[in-house]
Number of protein chains: 2
Amino acid sequence: MTSYVHGYSEKESCRLADQAGTLTELLHGDIGYPAGSRVLEAGCGVGAQTLTLSRSSPEARFECVDISKASLNAAQQMAANQRLANVTFRQGDIYRLPFRADSFDHVFVCFVLEHLSDPLEALIELRRVLKPGGTLIAIEGDHGSFYCHPQSRAADLAVQCLVNIQAKAGGDALIGRRLYPLLREAGYAGVAVFPRMVYVDASRPALVDGFTRKTFTAMVEGVKDQALEIGLIDRKTWDQGIADLYRTTQADGTFCYTFFKGVGIKR
Amino acid sequence: MTSYVHGYSEKESCRLADQAGTLTELLHGDIGYPAGSRVLEAGCGVGAQTLTLSRSSPEARFECVDISKASLNAAQQMAANQRLANVTFRQGDIYRLPFRADSFDHVFVCFVLEHLSDPLEALIELRRVLKPGGTLIAIEGDHGSFYCHPQSRAADLAVQCLVNIQAKAGGDALIGRRLYPLLREAGYAGVAVFPRMVYVDASRPALVDGFTRKTFTAMVEGVKDQALEIGLIDRKTWDQGIADLYRTTQADGTFCYTFFKGVGIKR
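Every value quoted in this text rests on a predicted model; they were computed, and no experiment measured them. (Residues numbered from 1 in each chain as written. Chains lettered and ligands numbered in written order. Predicted model: local features only at pLDDT ≥ 70, side-chain atom pairs only at ≥ 80, totals over all residues. Heavy atoms only, no water.)

J.: Give a description of the overall build of chain A that names residues and reports values.
T.: The helix and strand tally for chain A stands at nine helices and eight strands. For chain A, the C-alpha radius of gyration of 18 Å lies close to 18 Å, the compact-globule estimate for 267 residues. Seen through its principal axes, chain A has C-alpha atoms that stretch 55 × 35 × 35 Å. Within chain A, contacts between residues at least 6 apart in sequence are counted, and of these 80% link residues at least 24 apart. Working note: accessible area of chain A is about 10,900 Å², and carbon and sulfur atoms make up 49% of it. (Helix = DSSP H or I, 4+ residues; strand = E, 2+ residues; numbered from the N terminus. Rg over C-alpha atoms; globule rule 2.2 N^0.38 Å. Contact = heavy atoms within 4.5 Å. Areas by Shrake-Rupley, 256 points an atom, 1.4 Å probe, with all protein chains shown as cover.)

Here it is, written out as C-alpha cells:
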C-alpha cells in the first residue's frame, strides 16, 4: 500500500467533496454509463467521485473498491445519506483486485494513479478485470501544470513541496502528462487523452473560491507540517508562497491548472 | 520600437506560416467578422494571421498595420499571391496609430503584445481607435505553460532562454496569463479570457510535426546563437534541451502549451 499524501482527516474529506463539486462538469460532463452496465470504480476513497458517477448514470451499477477501510466507511455513510441505490463498496488492493478476469463493462479511476508507486501495474490489473470491448477512464492532475499571475517563485516552491512529498511517498504528482504512454504500455487500445484545463480569473468567482482557494491552495496547505518538518522549505518562503497563492484570487490575479482524462479500450 | 525576438529571416516567415496553419482552428475557429465591418489588425507582421482573417471573414475589410516596412512588404506580397481582396496594409506604430478615434468596428491583435515593453499603453491606444460597442480580440502565448514528458530540466532551461531574451528585449513571453488584468486595466468592458491549450501526443501526428517540431521547438532553436552569446546557457545544456524537446515527439512523448484568447468591449 502506498501512503496517501493528502491524509484521511475530516477536513480532507470536505476538501475532496468541494473539489468534486467544482470540477464535476469539467471532469464528468461527458461521462455516462449505459443502463445495466457493471462499472468498477477503483480507489473510490471517501466517495467524492462515486456520488457524481452514481447520479450521472443512475441505471448503471457501480462497484467501488478502496484499500482503506476508514475511507470505505466514510464512502458507505455518504452513499447511505445520499440514498445511492446503485453503488456497492468492497475493500481491495488495486494491484490484486478481488474480481475475476473480464468482470466489468467499464472501469473508472480518478485521482488514484498519482498516489501509486506502480501505476503501470495497476492499469494492467484494471485491464484484466475489464471485459473485452470495455473502456477504462483515468483522470489525473499534474501539479507541474500550475502557474499563476502575479508570478511567484515562493508559490512555485510551495507547490513543489507537494510534488516532492508525493514522490517520497512513491507517487507522481506530475502523472497527468504521462497518461498517454502509461495507457499504451498497459496494453489499452484506442488510447486518447484530453486535457481539462482550469483557468481562473475574477470573472469566474465560483472557481476562484471553489478551485483556487478551497481545492488547490487547501491541498498545498495540507502538506505544510510535513514540508517544514523534513526541511523541504523554510517557514518564511512557505508562508509567502501560500500568501501568493491567495493573492491570485484578487481582482487582477489569474490561476491555471490542468487535469488529464485518458480513455482506453480492452481489445 | 521594441526589438523583435524572433527576427525577420525567411526561415522565420515559414515558421510563422506553419504556426498559423496548425493553429488556425484552435485560435480562429470561433472568429467571424460581419459583412461590411471595418477591422484593424494591429501588428500583422508578415501576414500569417491576416490570411486566416481574410478568408474566415471574406465580407469584412481588414486594415493591417505593422511597424516594420520589411514585414509589410512580405505581407503585401502574400496578399497579392493569395488574391486577398479585403485587406489593406499601412505602416504604423501601435502606440500612436495613424487613425482617428472610434474608427474601427473591431480590433484583432495576435502574438504582438508579448513583444511590447508597454502592452497596457498599446491596449489603451487600440481602445481609442475602436468604436463604442466594438470588440478587441487579443491572442497571446505563455511560454511558462510549456511542459512535457519525458520531463527535462535541460528543455526547461532552453525554453527559459527564450523567456529571458524576450524580457531583455522589453517583452514578456509569459503574457498569456496576464491578459485578463491587462484588458481590464486598459478600460475594456465584459473582459473574458479563454485558454486554448495545445496537447500533443503520438495520436495527434499533425500537431507533433506542425506544433511541437515546426512551431515551438523551431522557435526555441531560433534564439540559440543569442542565448549562447550572452551566456544564458552552456552549449551542452542547450543541445540536450533541444534534443529533449525533439524526444517528446517519439511514440511515448507528450507536449503541452497554452495560448490565451482575450476579448473585451469598448463601452
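And the narrative resumes.
J.: Could you give me a rundown of the interface of chain B and chain A, with the residues and numbers involved?
T.: Every contact between the two is made by 28 residues of chain B and, on the other side, 28 residues of chain A. Considering only the surface of chain B that becomes buried against chain A, Tyr147, Arg177 and Tyr180 of chain B emerge as the three largest contributors, covering 29% of it. At the junction of chain B with chain A, the criterion picks out zero salt bridges. Where chain B packs against chain A, one counts eight residue pairs in polar contact (both at pLDDT 80 or more). Those elements that provide at least two residues to the side of chain B that touches chain A are strand 6 (147-149), helix 6 (179-185), strand 7 (189-201) and strand 8 (254-265) of chain B. (Buried area = accessible area lost by both parts, 1.4 Å probe. Salt bridge = Lys/Arg side-chain N within 4 Å of Asp/Glu carboxyl O. Polar contact = N/O pair within 3.5 Å; in protein donor to acceptor, adjacent residues only side chain to side chain.)

J.: Tell me about the environment of Thr22 of chain B, and name the residues and values.
T.: All names here are of chain B. Relative to the helices and strands, Thr22 resides in helix 1 (residues 10-28). According to the relative accessible area criterion, Thr22 is partly exposed, its value standing at 26%. Sequence separation between Thr22 and Phe211 is 189 residues, and the spatial gap between their C-alpha atoms is 6.6 Å. In contact with Thr22, not counting residues within four places along its chain, are Leu207, Gly210 and Phe211. (Buried < 20%, exposed > 50% of the residue type's maximum accessible area, 1.4 Å probe, protein only.)

J.: Let's hear about unusual backbone geometry: which residues, and what values?
T.: What is expected of a backbone is that most residues other than glycine have negative phi and most peptide bonds are trans. For the bond running from His149 of chain A to Pro150 of chain A, omega is -5 degrees, close enough to zero to count as cis. Along the chain, Pro150 of chain A falls in the loop between strand 6 (147-149) and helix 5 (153-168). Although it is not a glycine, Asp102 of chain A sits at a positive phi angle of roughly 60 degrees. Here Asp102 of chain A falls in the partly exposed class, since its relative accessible area comes to 38%. Phi at Arg83 of chain B is positive, roughly 50 degrees, even though this residue is not glycine. Mapped onto the fold, Arg83 of chain B is located in the loop between helix 3 (69-81) and strand 3 (87-91).

J.: Go over the packing of helix 5 of chain A against helix 9 (residues 235-247) of chain A, please, and point to the residues and values.
T.: A pair of packed helices is captured by two measures, namely the crossing angle of their axes and the spacing between those axes. Residue and element names in this part refer to chain A. Interaxial distance between helix 5 and helix 9 falls to 7 Å at its minimum, and their mutual angle equals 105 degrees. Taken as axis vectors, helix 5 and helix 9 run roughly perpendicular relative to one another. Side by side, helix 5 and helix 9 meet where Ala154, Ala155, Leu157, Ala158 and Cys161 of the first sit next to Thr237, Trp238, Gln240, Gly241, Asp244 and Leu245 of the second. When its residues are assigned to classes, the contact of helix 5 with helix 9 shows seven nonpolar, three polar and one charged. (Axes fitted to C-alpha atoms, helices over the stretch in contact; angles between N-to-C directions. Parallel < 35°, antiparallel > 145°, perpendicular 65-115°, else oblique. Nonpolar A, V, L, I, M, F, W, Y, C, P; charged D, E, K, R; others polar.)

J.: Describe the relation of the copies chain B and chain A, naming the residues involved and giving the relevant values.
T.: Under the fitted operation, chain B is carried onto chain A by 0.0 Å of movement along the axis and a turn of 180 degrees, and the coordinates agree to an RMSD of 0.0 Å. Taken together, the rotation angle and the small translation identify this as a two-fold axis. Of the residues that chain B buries at the interface, 100% are likewise interface residues in chain A, meaning the two copies contact each other through the same surface. (Least-squares fit on C-alpha atoms with pLDDT ≥ 70 in both.)

J.: Can you break down helix 7 (residues 205-221) of chain A residue by residue, with the values?
T.: The end-to-end C-alpha distance of helix 7 of chain A, which contains 17 residues, comes to just 21 Å, noticeably less than the 24 Å that a straight helix rising 1.5 Å per residue would cover. Among all positions of helix 7 of chain A, only Val208, Gly210, Phe211, Thr212, Thr215, Phe216, Thr217, Met219 and Val220 of chain A are buried. (Expected span 1.5 Å × (residues − 1).)

J.: Outline the pairing of strand 1 (residues 38-42) of chain B, supporting the account with residue identities and numerical values.
T.: Residues and elements named next belong to chain B. For strand 1, a buried count of four out of five residues is recorded, marking the element as mostly surrounded by other parts of the structure. Examined bridge by bridge, strand 1 and strand 2 (residues 61-66) share five bridges and lie parallel to one another. For Glu41, the partnering residue across the bridge sits in strand 2 and is Cys64. You can see the chain leave strand 1, run along helix 2 (residues 48-56) and come back into strand 2, and the turn it takes is right-handed. (Pairing = 2+ DSSP bridges. Right-handed = clockwise from strand over helix to strand, strands pointing away.)

J.: Can you explain the nonpolar core? Please cite residues and give values.
T.: Burial of nonpolar side chains together is a common tendency in soluble globular proteins. Leu40, Leu126 and Leu136 of chain A together with Leu40, Leu126 and Leu136 of chain B are the most contacted members of the largest nonpolar core, which totals 68 residues. With residues near it in sequence (within four places) discarded, Leu126 of chain A still touches Leu40, Ala42, Ile94, Leu97, Val107, Val109, Leu136 and Tyr188 of chain A. Among the nonpolar cores identified, the runner-up in size contains 48 residues, and Ile31, Ala79, Leu207 and Phe216 of chain B belong to it. (Core = buried A, V, L, I, M, F, W, Y, C linked by side-chain atoms within 4.5 Å.)

That is the geometry; function is a separate question.
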